[in-house]
Structure formats: C-alpha cells, structure tokens
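Below, each chain spelled out in residue letters.
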Amino acid sequence: MSEKKVKLAVAGVGNCASSLIQGIYYYKEKGLDTTQGVMFPDIGGYAPWDIEVVAAWDIDERKVGKDVSEAIFAPPNCTTIFYRDVPKMGVKVRKGKVLDGCAPHMKEYPPEKSFVLSQEKEDELDDVVAVLKETGADVLINYVPVGSEQAARFYAEACLKAGVAFVNAMPTFIVSDEWGKRFEEAGIPAVGDDIKSQVGATIVHRVLTKLMVDRGVPVKRSYQVNFGGNTDFLNMLARERLNTKKISKTEAVTSLLPYDIGSDNIHIGPSDWIPWLKDNKIAYIRLEGELFGGVPMYIELKLSVEDSPNSAGSAMDAIRCAKLAKDRGISGPLLSISAYTMKHPPKQFPDDIARQMVIEFIEGKRER
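For the structure given in this document, a descriptive report is provided here. (Residues numbered from 1 in each chain as written. Predicted model: local features only at pLDDT ≥ 70, side-chain atom pairs only at ≥ 80, totals over all residues. Heavy atoms only, no water.)

A few words on the overall build of the protein. What the protein contains, in helices and strands, is eleven helices and eleven strands. In summary, the protein has a C-alpha radius of gyration of 20 Å against a globular reference of 21 Å for 368 residues, a match within 12%. Taken along its principal axes, the extent of the C-alpha atoms in the protein is 65 × 50 × 40 Å. With 368 residues in all, the protein has 58% of them scored as buried. The long-range share in the protein, meaning contacts at least 24 apart out of those at least 6 apart in sequence, stands at 77%. A total of about 15,000 Å² of accessible surface is found on the protein, and carbon and sulfur atoms cover 51% of it. For the protein, the distance from the average site of its 47 positive side-chain charges to the average site of its 51 negative ones is 2 Å. (Helix = DSSP H or I, 4+ residues; strand = E, 2+ residues; numbered from the N terminus. Rg over C-alpha atoms; globule rule 2.2 N^0.38 Å. Buried < 20%, exposed > 50% of the residue type's maximum accessible area, 1.4 Å probe, protein only. Contact = heavy atoms within 4.5 Å. Areas by Shrake-Rupley, 256 points an atom, 1.4 Å probe, with all protein chains shown as cover. Lys, Arg positive; Asp, Glu negative; His and termini not counted. Charge placed at Lys NZ, Arg CZ, Asp CG, Glu CD.)

What follows is the structure, given as structure tokens:
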C-alpha cells in the first residue's frame, strides 16, 4: 500500500460523515481482509485508512467550531458508534453556507432531533475555495441534506474553482447532469449522484428486478417504502424536497427493465420518520410478476439496516477512486465507480457489470 494520503474535505458532518470517519480509524486499527465489510480493500495502493480529513463544514451550532473528532458524535447525529476512539485531528468544523440546507419545518422539532443553526459567520464561496487550496484537499464529499439543491451546487462550484475532485453522495443531479461536462472541461474527476449503500434497499431491489428479468418473469408492479428515525428522514417529511430523491431511486430500478411498466405501477421513496428508530432504516419491497402461462407471483421482503454505516463503505470506495483518477489525470464523470456506488450515475449498468468495470478501472485497464 502507498504511504500517500487521500486528503478529504467534508460538506455536512452528519451521520454519514460520522460512520465514514469512524470507519477510517476502525480499519486502521483492525486491518482488513476481503471479509470485513469493505468492497475494495486496495484501490490503486490506497487503503481505507489512507483517507485523511483536512477540512469540514456544517451549519449546526453543536458542530461548528468543534474538532471533527468531536463533531461526528454531536447531536443530532444518532448513528451506531462502532469506533469511539477517533483521535483529535486538529481540524475544526467551519460554518458552511446555509442556503437551502435547512428545511423550515425542522425548527418545529426538538433540538436533539433536528438542526440548530449556528450564529457563526458563514463561509462564502471564496472562503471555501481558499480552505480547499490551503489544506491541499484532493476530494470533497457532499453530504448536505436531501433537497439542498443550492447548497450541493455551492460545494460543487467550490471544487471546480479549487481543482478538487467531487463526490456527490446526495440526490442533487450534478455529476449526471450538465455539470459533468464542466468537471471534464476543468480537468477534475467527479463521482455521483446519490450514494448507493453496500446492501441497501436500492441494491436489493435492483438485484431482485434483474433476477426476474433474467428468468423471463415480467415485472408488473413494484413498490419500495422506507422509513427511519434520523435527520435525513425528518428532513424528507417536506415532500417538496423529495423530487430528485424519488427520481434517483426509481430510475435505479426501472433502468434494469427492458420495458415500461407505467408510472402508476411503481412506487419508490421515503415514507415516514419514526424517531426511536434513530439511524435504523426499514424498507419493505414488493415485486409482482407473472410466471409460465401468465400465472401470478410476488416477492415481498423486509430489510433492516443501520443506514449510515451501510453507505460509508460505498463512499470510501468512491473517494479513493476519485483520488486515483486525479493521480492519473483523468477528468469528468467516472462512469465505473459512479455506476457501482451511485443510484443516479451518468450512465446506468447492471451491478455485476459495473463491479467488473471498477476492477478494470483500478487495474488501469479502463480510463474511467
């Protein structure tokens, strides 16, 4: 493994950032093999523990000004703590640009469950760009809340100005939209959009959909409903913030169908917020189809996962692939790792093909 580091900036120090950062130090202490929850232990010589957080932004008063090692455990974060001994990093969380990053309805809920806006001065675009340059950040991962369209693009713009690779873990369409061309023209790699968990509702739904298609069983109707107790689900109670999320999750499944089943016959999206579930996410998935002779059948299942650690493994791989692309001078959307780790990549591929593409990218046999 290389002694080089992947210098990471984080926009949004929530549950997902907490799991990712805990994981960096967990694997540094424990080491790893192919059975320990990491999809790609070695990416171009970079191990999980080669990721080093050098800058971070948030808008919550309980995180702004704190060392990242403290902020990841501050309310309203509620994910599982699987590695408590994260060392002091000497990196203070800065006040990010709020924009649309805090839905108005969040203030109606208890502070321990919701956001409490910091009164510190916000970093403007030039401030973020300056920090990215001063810290030598290689990659920025966007973890701002669902529906924060302006905030997500704010950090994407900062990456373009600072020459920093961009990983968009949220369902704002940036890498898969016209912004992808901007990153290519700027000579900067980008991965996105909307992180796909290691074994989450989307990947399970995709696998079952492909199984039915491959076995000649027409899919007639399908749903996936999700609920949980973290701030992500509380934020998404504002249905107007869900448009891109629903599109992202739905297209991740329908892209595998070689026919159109009609919008009335598929429903995928967040359903509700149940506080005591905390970071536990429950998903119910149903697919209805027809077997030989038109005989009806259905698959129905329940999935229960700790939401943020489930996405951290995918994020860890996306970050290291972005750094590897930067090392190689590759710019623009990285199609392979985007297709494997994101719900709404620039181009969809079946997951087995996407995995092989990532392996070929890591080995240098595929450019992007």
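From this point, the narrative continues.
Relative to the helices and strands, Ser304 resides in strand β10 (residues 296-306). As for Ser304 and Met106, which are separated by 198 residues in sequence, their C-alpha atoms are 25 Å apart. For Ser304, the residues in contact, after removing those within four places along its chain, are Asn280, Lys281 and Ile282. Looking at Ser304, its side chain comes within polar contact range of the side chain of Asn280, at 3.1 Å. (Polar contact = N/O pair within 3.5 Å; in protein donor to acceptor, adjacent residues only side chain to side chain.)

Together, Leu291, Phe292 and Val295 give the surface a local cluster of nonpolar side chains, amounting to about 350 Å² of exposed area. Tracing the chain through its elements places Phe292 in the loop between β9 (280-290) and β10. (Patch = residues over 30% accessible without salt bridge, like charges linked within 9 Å, V, L, I, M, F, W, Y side chains within 5 Å. Salt bridge = Lys/Arg side-chain N within 4 Å of Asp/Glu carboxyl O.)

Within the structure shown, the criterion is met by eight aromatic pairs. Between Phe40 and Tyr340, the aromatic rings sit 5.9 Å apart at their centres with planes inclined by 65°, giving edge-to-face as the arrangement. With a gap of 300 residues between them, Phe40 in the loop between α1 (15-30) and β2 (51-58) and Tyr340 in helix α10 (residues 335-341) connect regions that are remote in the sequence. For Tyr340, a relative accessible area of 15% puts it in the buried group. (Phe/Tyr/Trp six-rings, centres within 6.5 Å; stacked < 30°, edge-to-face > 60°.)

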